[in-house]
Amino acid sequence: MIVAFSVTPLGVGEEVGEYVADAVRVVRESGLPHRTDAMFTSIEGDWDEVMDVVKRAVAAVEARAPRVSVVLKADIRQGVTDGLTSKVETVERHLCAPEDRRARQG
């Protein structure tokens, strides 16, 4: 499964980067495949391990902020691994110029 989530501290002012870094640190230390961009951190693994990491990431922010907002989206698909990479590769393949796509198809 892949979970994309964001953790936002509330009540700490406009500069939230150091709080978000606490959450991302938990994800990175988990050892699970992950990616972080400007809006979300995506993490891949089985239900229990991913949700444990999300819970600990939220707790890291909650320890320093009076209120926390969490947005979470999950793609639950049994038997799929390396989805973080393969999904992007599929889209990139479709973005190739039409003449490149036709050449690959033979």
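The residue numbers shown here count from 1 along each chain, following its written sequence. The model is predicted, so local features are restricted to residues of pLDDT at least 70 and side-chain atom pairs to those at 80 or more, both for listing and for counting; the totals for chains, interfaces and linings are taken over all residues. For side-chain calculations, the full set of non-hydrogen atoms in the structure is used, while hydrogens and water are omitted.

Q: Give a detailed account of the sheet that holds strand 4 (residues 67-75), specifying residues and quantitative values.
A: Should DSSP find at least two bridges between two strands, the strands are taken to pair. Numbering goes from the N terminus for both helices and strands, where a helix is a DSSP run of H or I of at least four residues and a strand is a run of E of at least two. Pairing is antiparallel in the open sheet, where four strands are placed in the order 2-3-1-4. Edge positions in the sheet fall to strand 2 (34-36) and strand 4, since each has one partner strand and no second. Going across the sheet, the axis of each strand differs from the next one's by a mean of 15 degrees, ignoring polarity. Most of the contacts of helix 1 (residues 17-30) go to strand 1 (residues 2-10), to which it runs at about 150 degrees, and overall it touches strand 1, strand 2 and strand 3 (41-44). Every axis corresponds to a line fitted to the C-alpha atoms, with the helix fit spanning only the stretch in contact, and the corresponding angles, defined between N-to-C directions, vary from 0 to 180 degrees. Contacts between residues were defined by any pair of non-hydrogen atoms, one from each residue, lying within 4.5 Å.

Q: Requested: an account of the layout of surface pockets, with residues and values cited.
A: Put plainly, a pocket is an open set of points on a 1 Å grid over the protein atoms alone with protein on both sides within 12 Å along at least five of seven lines, a cavity is a set where a 1.4 Å probe fits but cannot get out, and a lining residue has an atom within 4 Å of a point. Grid points are joined across faces, edges and corners, and a volume is the space filled by probe spheres set on the points. Computed from the structure, the largest pocket encloses a volume of approximately 310 Å³. Those elements that provide at least two residues to the lining of the largest pocket are strand 1, strand 2, strand 4 and helix 3 (83-95). Ranked by the residues each element gives to the lining of the largest pocket, the list is headed by helix 3, at four residues. Polar here means any residue outside two lists: the nonpolar Ala, Val, Leu, Ile, Met, Phe, Trp, Tyr, Cys and Pro, and the charged Asp, Glu, Lys and Arg; Gly therefore counts as polar. Grouping the constituent residues of the lining of the largest pocket by class yields seven nonpolar, three polar and five charged. Volume-wise, the second largest pocket comes out at about 200 Å³. Along its surface, the second largest pocket is lined by 15 residues, and S6, V7, V20, M39 and F40 are the ones closest to its centre. The set of elements that each furnish at least two residues to the lining of the second largest pocket consists of strand 1 and helix 1. By residue class, the composition of the lining of the second largest pocket is ten nonpolar, four polar and one charged.

Q: How would you sum up empty space enclosed by the protein? Please name residues and give values.
A: Taken as a whole and assessed by the stated rule, the structure comprises one cavity of 30 Å³ or more. Around the largest cavity sit M1, I2, E44, D75, R77, V80, G83 and K87, which together line it. Here the lining of the largest cavity is composed, by residue class, of three nonpolar, one polar and four charged.

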